[in-house]
Amino acid sequence: MVLSEPYWDHHIPLPKLGPLHSRLVTAFVALICFINSYNGDFVFDDSEAIINNKVAGIVGRADLLCALFFQLSFLVYCKAFQGGDKKFPVLWIFSSILLCAVAMLCKEQGITVLVSENMLSLFLPKDLWTDFYFLFSTQIGGLVSSGLLMRLALLFLGGSFLLYARWRIMGTGPPSFTEVDNPASFAENVILRIVNYNYYYSLNAWLLLCPWWLCFDWSMGCVPLIKSATDWRIVWPLLLWCCLMGLVYQALCSQDSNKRRTLTFGLVLLVIPFLPASNLFFRVGFVIAERVLYLSSAGYCLILAYTVGYCSCHWKKHKVCAATLTLLCVNVARSAQRSQHWRSEQSLFTSALSVCPLNAKVHYNVGKNLADRGNQSAAVKYYREAVRLHPKYVHAMNNLGNILKERNELEEAEELLSSAVHIQPDFAAAWMNLGIVQNSLKKFDKAEQSYWNAIRFRKKYPDCYYNLGRLYADLNRSIDALNAWRNATMLKPDHSLAWNNMVILLDNTGNLAQAELIGKEALKILPKDHTIMFSLANVLGKQEKYKESEGFFLNALKINPNVASCHGNLAVLYHRWGKLDLAKRHYELSLRLDPNAPGTKENYNMLKRKLEQRQRTVG
């Protein structure tokens, strides 16, 4: 019997996904609702949460839940204003903080609802910008009696507690990221870092305005850094800040109080939820993530709706409505198109090639998807491009090395995997795969060392123990092989290959009684494993325990009736047992399934001669 093949570890991380494809459609629905009901007062609309439950990508459910509880927290907090400013129910404040906690557990951005509520307390009830000094110098008592200071204090304490709880959950420290995740945050020059951060902000703003270039991942060279003042892209941050300053000026200095309140609150909803993703307080693990604009799109909807409402008052309304409907139709079509991209991994990954052709992760994921569908030749092309774009992309090296090994291009596979472990010495999967390649190249000492390196970096690594056992079996170190496979089954009790190889090795070395014990122990854990039944049946047959062996053969065939070797070995059992008619039947079944089964044809011819002899004797 032949030992099972090596187990390969592809070590493929899931890509980080986050659809934005319905953002602008939602904005225009909110816009139309605003136009239809516009009467000069602020209108809060829940259409954002309702529509986005229909987003094709289910990966956005965390953002959906966060937005839902964000809005609920905000609406509950608004209840504190009912009945005027003189009194407010503390219960509503605590309910709002509780809903904020739920939003934060969905996504970290949820905590920003408390900041938005503080802005609501300050800017919407009172016209503080025009009378800031008077309010805080002569009306402190009025602030206390109105409950403003109490609300701010409760929100501050609640927010502080939630931040502390989140800090504890994260292990009292921020997560670690690499340079490929967020290149700008690793720039040594502070000025360049600030410039690139602002360029990222402008790209996010553009995605809100025109979500045409969408990609599931924006890391690994997708957005090259601005490294000089002559780079023309520096215009975009300047343009962004000019627009923001214009909005802020209108929010602070406009003579129209409704305009001030609407724009102020729109800016609050636009900017505040984006702050956790801005790199201002801590380093984030992405360049651009479309999902972080989900909450900010509420402020964008409000500002856009107010702008169109303003234009409809000063321009011809039919032209404004025509332009709005045209943009709505365009973005509905774009949303439908993007939803089609999200229907499958293949379409999603390939759609990113035109948006981020310099992104190594995009090529990596396209290659992985092709490899999963069996198109390894095409996968090699994309894996090579991923390595070319990012020469230290160890996961692409690992997967490319695996495919090259299967194509018997062992030298190049060894070179790639060696580079991967040199770049990332604690990459346990690459160490194990390197050991498999070195074993195939008959570099047994190096292979053994690679396996032990993998185990050193990943203590509980049953597949590596399994492959180490195969190496020892090839070197006729039976005891070491059995110990390695036993370690694999201790770490992973349902490791079928390790159990089966122990039975086979003990069978091949003549330890039939021990092989029987191991096989029966394995079947207690894996009672439906036909390969172990087959191996155990062979062991019992050699011990002339024909009845018991027959039972395991038949059970194995019930589970998988189309295994030629199982029919062939059962025929041998019947042949030895003297049940020649049953032996003939299973020899024929085996040859029907596999006409070239080794030894079966010879045994069948031997049986036919024996049957002919018996017929002549009877005659």
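Residues numbered from 1 in each chain as written. Predicted model: local features only at pLDDT ≥ 70, side-chain atom pairs only at ≥ 80, totals over all residues. Heavy atoms only, no water.

## Observations regarding the overall build of the protein chain
Okay, so step 1: Each helix and strand counted, the protein chain has 29 helices and zero strands in total.
Okay, so step 2: The proportion of buried residues among the 619 residues of the protein chain is 50%.
Okay, so step 3: Residue pairs at least 24 apart in sequence account for 63% of intrachain contacts in the protein chain once pairs closer than 6 positions are excluded.
Okay, so step 4: When the accessible area of the protein chain is evaluated, it comes to approximately 30,900 Å², of which 61% is carbon and sulfur surface. (Helix = DSSP H or I, 4+ residues; strand = E, 2+ residues; numbered from the N terminus. Buried < 20%, exposed > 50% of the residue type's maximum accessible area, 1.4 Å probe, protein only. Contact = heavy atoms within 4.5 Å. Areas by Shrake-Rupley, 256 points an atom, 1.4 Å probe, with all protein chains shown as cover.)

## Description of the environment of leucine 353
Okay, so step 1: Looking at the secondary structure, you find leucine 353 in helix 14 (residues 345-355).
Okay, so step 2: Sequence separation between leucine 353 and cysteine 215 is 138 residues; the distance between their C-alpha atoms is 8.7 Å.
Okay, so step 3: Setting aside residues up to four positions removed in sequence, leucine 353 forms contacts with Val362, His363, Val366 and Tyr382.

## Some thoughts on the state of the cysteines
Okay, so step 1: Enumeration over the complete set of coordinates arrives at one disulfide.
Okay, so step 2: The disulfide partner of cysteine 222 is cysteine 356, and the gap between their sulfur atoms is 1.7 Å. Of this pair, cysteine 222 sits in the loop between helix 9 (190-209) and helix 10 (235-253) while cysteine 356 is found in the loop between helix 14 and helix 15 (360-372), placing the two residues 134 residues apart along the sequence. Cysteine 356 carries the same exposure label as cysteine 222, and that label is buried.
Okay, so step 3: You can see cysteine 215 has no disulfide; the closest cysteine sulfur is in cysteine 356, sitting 3.8 Å from it. (Disulfide = S-S within 2.5 Å.)

## Side note on helix 24 (residues 512-525)
Okay, so step 1: The end-to-end C-alpha distance of helix 24, which contains 14 residues, comes to 20 Å, matching closely the 20 Å that a straight helix rising 1.5 Å per residue would cover.
Okay, so step 2: For helix 24, the set of buried residues is Leu512, Ala515, Glu516, Ile518, Gly519, Ala522 and Leu523. The buried residues of helix 24 occupy an angular sector of 170 degrees when projected down its axis, which confines them to one face. Residues of helix 24 that are exposed and point over 90 degrees away from its buried face: Leu517 and Lys524.
Okay, so step 3: Structurally, helix 24 contributes buried residues whose contacts are with helix 22 (478-491), helix 23 (496-508), helix 25 (530-542) and helix 26 (546-559). (Expected span 1.5 Å × (residues − 1). Arc of directions from axis to C-beta.)

## Side note on a nonpolar patch on the surface
Okay, so step 1: Side chains of Trp206, Leu209, Trp212, Trp213 and Val330 sit close together on the surface and give an oily, nonpolar patch of about 540 Å² of accessible area.
Okay, so step 2: Residue position: tryptophan 212 is located in the loop between helix 9 and helix 10. (Patch = residues over 30% accessible without salt bridge, like charges linked within 9 Å, V, L, I, M, F, W, Y side chains within 5 Å. Salt bridge = Lys/Arg side-chain N within 4 Å of Asp/Glu carboxyl O.)

## Remarks on the pattern of salt bridges
Okay, so step 1: Tallying each qualifying case throughout the model produces 15 salt bridges.
Okay, so step 2: Ionic pairing is found between glutamate 412 and arginine 384, a salt bridge with its closest N-O pair at 2.6 Å. Here arginine 384 lies in helix 16 (residues 376-389) and glutamate 412 lies in helix 18 (residues 410-423), a separation of 28 residues in the sequence.
Okay, so step 3: In this structure glutamate 412 comes out as partly exposed when scored by relative accessible area, which is 28%.
Okay, so step 4: Here glutamate 414 makes a salt bridge to lysine 443, at a shortest N to O gap of 3.0 Å. Of this pair, glutamate 414 sits in helix 18 while lysine 443 is found in the loop between helix 19 (428-440) and helix 20 (444-457), placing the two residues 29 residues apart along the sequence.

## Topic: the UniProt feature "transmembrane region" (unreviewed entry) in the protein chain
Okay, so step 1: According to UniProt, the positions carrying the feature "transmembrane region" (unreviewed entry) are residues 58-78, 90-112, 132-165, 197-214, 234-252, 264-286 and 292-311.
Okay, so step 2: End C-alpha atoms of residues 264-286 are separated by 29 Å, and the span's content is 35% helix alongside 0% strand. (UniProt positions renumbered as here; feature names shortened; annotations may be inferred.)

## Remarks on the nonpolar core
Okay, so step 1: Ranked by internal contacts, the top residues of the largest apolar core, which has 127 residues, are Trp218, Val223 and Trp485.
Okay, so step 2: Take this core: its biggest share by element is eight residues, from helix 19.
Okay, so step 3: For valine 223, the contacting residues outside a window of four places in its chain are Tyr199, Tyr200, Leu203, Trp218, Val287 and Ile288.
Okay, so step 4: Formed by 24 residues, the second largest nonpolar core is a distinct cluster that contains Phe74, Ala101, Leu155 and Leu295. (Core = buried A, V, L, I, M, F, W, Y, C linked by side-chain atoms within 4.5 Å.)

## A word on the environment of arginine 334
Okay, so step 1: Mapped onto the fold, arginine 334 is located in helix 13 (residues 317-341).
Okay, so step 2: Put simply, arginine 334 and tryptophan 212 are 122 residues apart on the chain and 7.5 Å apart in space, counted from C-alpha to C-alpha.

## Notes on the environment of serine 297
Okay, so step 1: Secondary-structure assignment places serine 297 in helix 12 (residues 293-314).
Okay, so step 2: Taking the C-alpha atoms as reference points, serine 297 and phenylalanine 274, separated by 23 residues in sequence, lie 9.8 Å from one another.
Okay, so step 3: At 2.5 Å, the side chain of serine 297 and the backbone oxygen of tyrosine 294 are in polar contact. (Polar contact = N/O pair within 3.5 Å; in protein donor to acceptor, adjacent residues only side chain to side chain.)

## Details of the packing of aromatic side chains
Okay, so step 1: Summed over the entire model, instances satisfying the criterion amount to ten aromatic pairs.
Okay, so step 2: Ring centres of phenylalanine 216 and phenylalanine 349 lie 4.9 Å apart, and the angle between their planes is 55 degrees; on these two criteria the pair is classed as tilted. Pair noted here: phenylalanine 216 is in the loop between helix 9 and helix 10 and phenylalanine 349 is in helix 14, with a separation of 133 residues, a long-range link.
Okay, so step 3: Judged by its relative accessible area of 4%, phenylalanine 349 is buried.
Okay, so step 4: Between tyrosine 364 and tyrosine 383, the ring centres sit 5.8 Å apart and the planes meet at 55 degrees, which makes this aromatic pair tilted. Placement of tyrosine 364 in helix 15 and of tyrosine 383 in helix 16 is noted, with a sequence separation of 19 residues between them. Across the pair, exposure class does not vary: tyrosine 364 and tyrosine 383 are buried alike.
Okay, so step 5: Through a chain of ring-to-ring contacts, the aromatic side chains of Tyr364, Tyr383 and Tyr393 assemble into a single cluster.
Okay, so step 6: Seen from the ring of tyrosine 461, arginine 458 lies directly overhead, with NZ or CZ sitting 4.0 Å from the centre. (Phe/Tyr/Trp six-rings, centres within 6.5 Å; stacked < 30°, edge-to-face > 60°. Lys NZ or Arg CZ within 6 Å of the ring centre and 35° of its normal.)

## Overview of the side chain of arginine 338
Okay, so step 1: Relative to the helices and strands, arginine 338 is located in helix 13.
Okay, so step 2: Buried arginine 338, no salt bridge; nearest opposite-charge side chain is glutamate 290, N-O distance 4.7 Å.
Okay, so step 3: Side-chain polar atoms of arginine 338 contact the side chain of serine 351, separated by 3.3 Å. (Lys, Arg positive; Asp, Glu negative; His and termini not counted.)

## Quick look at helix 22
Okay, so step 1: For helix 22, spanning 14 residues, the distance from its first C-alpha to its last is 20 Å, which sits close to the expected 20 Å at 1.5 Å a residue.
Okay, so step 2: Among all positions in helix 22, only Ala481, Leu482, Ala484, Trp485, Ala488 and Thr489 are buried. In a view along the axis of helix 22, the buried residues occupy a sector of 160 degrees, so they form one face of it. Projecting away from the buried face of helix 22 at angles above 90 degrees are the exposed residues Ile479 and Met490.
Okay, so step 3: At its buried positions, helix 22 is contacted by helix 21 (462-474) and helix 23.

## Structural notes on the packing of helix 18 against helix 19
Okay, so step 1: At a minimum axis separation of 9 Å, helix 18 and helix 19 run at an interaxial angle of 150 degrees. The orientation of helix 18 with respect to helix 19, classified from their angle, is roughly antiparallel. The chirality of how helix 18 crosses helix 19 is left-handed. For the pair helix 18 and helix 19, contact is made by Leu410, Ala413, Glu414, Leu417, Ser418, Ala420 and Val421 and by Ala430, Trp431, Asn433, Leu434, Val437, Gln438 and Ser440, respectively.
Okay, so step 2: Across the contact of helix 18 with helix 19, the residue classes tally to nine nonpolar, four polar and one charged. (Axes fitted to C-alpha atoms, helices over the stretch in contact; angles between N-to-C directions. Parallel < 35°, antiparallel > 145°, perpendicular 65-115°, else oblique. Left-handed = near helix turned anticlockwise from the far one by under 90°. Nonpolar A, V, L, I, M, F, W, Y, C, P; charged D, E, K, R; others polar.)

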